[in-house]
Amino acid sequence: MGLAYFEINGGPRLRGTVRISGAKNAALPIMAASLMCEGEVILHDVPPVSDVTFLAELLSKLGVEVEWRPDGALRLVARDEMNCRAEYDIVRKMRASICVLGPLLAKRHRAQVSMPGGCAIGDRPVNLHLRAMQLLGADIELVNGDIVAKTKKLHGSEMFLGGPFGSTVLGTANAMMAATLAEGLTVIEMAACEPEVVDLANFLNKCGASITGQGTPRIVIEGVKELHGCEYRIIPDRIEAGTFMVASAITNGELTLENCRLDHLMAFVDRLTAIGVNVERSERGVTVSSARRLEPVDVTTQPFPGFPTDLQAQIMALLCLADGNSIITEKVFPDRFLHVAELSRMGAHLRKEGPTVIVQGVKRLIAAPVMASDLRASAALVLAGLAARGTTRVNRIYHIERGYVRIDEKLRAVGADIQRREGDES
Ligand code: EPU
């Protein structure tokens, strides 16, 4: 693995326009759904990030022809149904590989997917995915660390997909995909309402599925005999948009975001506004500017439409510079706080108490070498570096490149002093 790092000289106020890429977390399950389609699937605005590359690799092992067209669209055609196995080697690199389980089972009636392990943000069980597949008529065994699922034919079912931390995004995606080709009616209660789940349902419907209720906690799927391909545009990445909103606020800058859906960011914008950041819809997009004084606020992450866990680390970076104490509570992944120790190395005053962090605002952050640990924690360190005094070095940026399209180039284009360099960690 290359040990590239970012070197950031903090201080410059960001100004200008940034185009937000397509959403990684919408693209991944939609790409996996191509396993179920007869004929060609053409996807626009799939972000060229490494998680997408990992999944493309897996899909091609599973017999899907994968091609990036010169116009940037991704073309997927399922050709060969022989191999139904997602091996540990690839699942280990990317947990989202679990989203091939539903499509393989529905279309090929068998799937062997390595059981995902834990990851930097916590345990991340898949019990709800497995329960959904069983309720749809699959037999499931665990063999040598692989989930082995088989069925003669899937049938519709009623299911409740809530767990101790609420709904599950990829669990809902897997259930919805499998139910699309099951015989009869499926009702998913406590379905995830995330925009990425809605995007998947809209894509499937365009391929001939019959899904209603997406975006609500009750999704109803009437099974169909087959799905055809289609041409589809992925929604904008709300987490990338939120990250650039913080980049603007933390540098007292003024950024306009193109391809940004504010209706996907209501809870986040509510907190930004309470902090004193201006968020305005304009003709060209969404303009974010900030007053010098940042108010402290309390933030609790929740499933959509609540405040997204994927923006918790980034808002913590901003609140480090607020004028007072903020409280951040993580209700989706209670252990997702690896950025706390790294932000503290940059002079932040943070105290973690269970799933809560008390952020005592400081006047300034101070540059330091820090280490990325997971995708969103890394983004928070880059944001802190943009505001810190001195040169921050963010190591192990392969984490950030899993989910952000050329973040260094996008930031540089609006005035940030950030360079990507190759090297060791010394
Ligand atoms: N959970 C269970 N059982 C399950 C599945 C989940 O208890 O079978 C729990 C999880 O442990 C967690 C909660 O349910 O406490 C929610 O997890 P969820 O299943 O919704 O997460 P996910 O679908 O695996 C997606 C995103 C994550 C994002 C979460 C929450 C993708 C590829 N990943 O993961 O994105 O944090 O939803 O919104 O869509 C990221 O992009 O950085 C990222 C981690």
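Residues numbered from 1 in each chain as written. Predicted model: local features only at pLDDT ≥ 70, side-chain atom pairs only at ≥ 80, totals over all residues. Heavy atoms only, no water.

**Observations regarding the sheet that holds strand 6 (residues 74-78)**
So the rule is basically this: Should DSSP find at least two bridges between two strands, the strands are taken to pair. Under the DSSP-based scheme used, a helix requires at least four consecutive residues in state H or I and a strand at least two consecutive residues in state E, with every element numbered from the N terminus. The axes used here are C-alpha line fits, helices contributing only the stretch in contact, and every angle between their N-to-C directions lies in the interval 0 to 180 degrees.
Here four strands make up an open sheet; going across it, the order is 5-6-4-16 and the pairing mixed. The open sheet has two edge strands, strand 5 (64-68) and strand 16 (231-233), and neither has a second partner. Going from strand to strand, the sheet's axes swing by 20° on average, the running direction of each strand aside. The pairing of strand 4 (residues 40-44) with strand 6 spans four bridges and is classified as antiparallel.

**Some thoughts on the packing of aromatic side chains**
Threshold: Working definition: rings of Phe, Tyr and Trp (its six-membered ring) pair if their centres are within 6.5 Å, and the pair is stacked with planes under 30 degrees apart, edge-to-face with planes over 60 apart, and tilted otherwise. Accessible area is worked out with a 1.4 Å probe on protein chains only. A residue is then buried under 20% of its type maximum, exposed over 50%, and partly exposed in between.
Throughout the structure, instances matching the rule amount to two aromatic pairs. Look at Phe-268 and Phe-307: their rings are 5.6 Å apart centre to centre, the planes differ by 50°, and that puts the pair in the tilted class. One end of the pair, Phe-268, is in helix 9 (residues 266-275); the other, Phe-307, is in the loop between strand 20 (298-300) and helix 10 (312-319), and 39 residues separate them in sequence. Note on Phe-307: relative accessible area 3%, which makes it buried.

**A closer look at the sheet that holds strand 9 (residues 139-143)**
Definition in use: Whether two residues are in contact is decided by their heavy atoms, any of which lying within 4.5 Å being enough.
Strand order across the open sheet formed by four strands is 7-8-10-9, with mixed pairing between neighbours. Each of the sheet's edge strands pairs with one partner strand only, and the pair in question is strand 7 (85-86) and strand 9. As judged from the two bridges shared by strand 7 and strand 8 (residues 110-114), these two strands associate in the parallel manner. Each bridged residue has a counterpart across the sheet, and for Ala-86 the counterpart in strand 8 is Val-113. In the packing of helix 4 (residues 101-108) onto the sheet, the strands contacted are strand 8 and strand 10 (146-150), and the crossing angle to strand 8 comes to about 160°.

**As for the pairing of strand 18 (residues 277-281)**
Judged from the five bridges that link them, strand 18 and strand 19 (residues 286-290) form a sheet pairing that is antiparallel. Counterpart to Val-279 in the pairing with strand 19 is Val-288. Counting the residues between successive antiparallel strands, the hairpin from strand 18 to strand 19 contains four residues, one of them, Gly-285, with a positive phi of roughly 160°.

**Brief notes about helix 5 (residues 127-135)**
Restricting attention to buried positions, one finds in helix 5 the residues Leu-128, His-129, Leu-130, Ala-132 and Met-133. Those residues of helix 5 that are buried lie in contact with helix 4, strand 9, strand 10, strand 11 (158-160) and helix 6 (169-180). Once helix 5 ends, the next one or two residues include Gly-137, with phi positive near 105°.

**Side note on the packing of helix 5 against helix 6**
Going by this rule: Roughly parallel refers to an angle under 35 degrees, roughly antiparallel to one over 145, roughly perpendicular to one between 65 and 115, and oblique to any angle outside these ranges. Handedness of each helix crossing follows the sense of rotation of the near helix against the far helix: counterclockwise by less than a right angle gives left-handed, clockwise gives right-handed. Under the scheme applied here, ten amino acids are nonpolar (Ala, Val, Leu, Ile, Met, Phe, Trp, Tyr, Cys and Pro), four are charged (Asp, Glu, Lys and Arg), and all others, including Gly, are polar.
Interhelical geometry of helix 5 versus helix 6 gives an angle of 15° and a closest axis separation of 8 Å. Here helix 5 is positioned roughly parallel relative to helix 6, judged by the angle of their axes. Remark: the crossing between helix 5 and helix 6 carries right-handed chirality. Contact residues: His-129, Ala-132 and Met-133 in helix 5; Leu-170, Gly-171, Asn-174, Ala-175 and Ala-178 in helix 6. Here the residues of the contact of helix 5 with helix 6 are counted per class, giving five nonpolar, three polar and no charged.

**Remarks on the state of the cysteines**
To keep it simple, the criterion reads: Disulfide assignment relies on a single distance test, namely cysteine sulfur atoms paired within 2.5 Å.
For the coordinates displayed, the defined rule picks out zero disulfides. No disulfide involves Cys-99; its sulfur sits 13 Å from the nearest other cysteine sulfur, which is in Cys-37. Its relative accessible area of 0% is what places Cys-99 among the buried residues.

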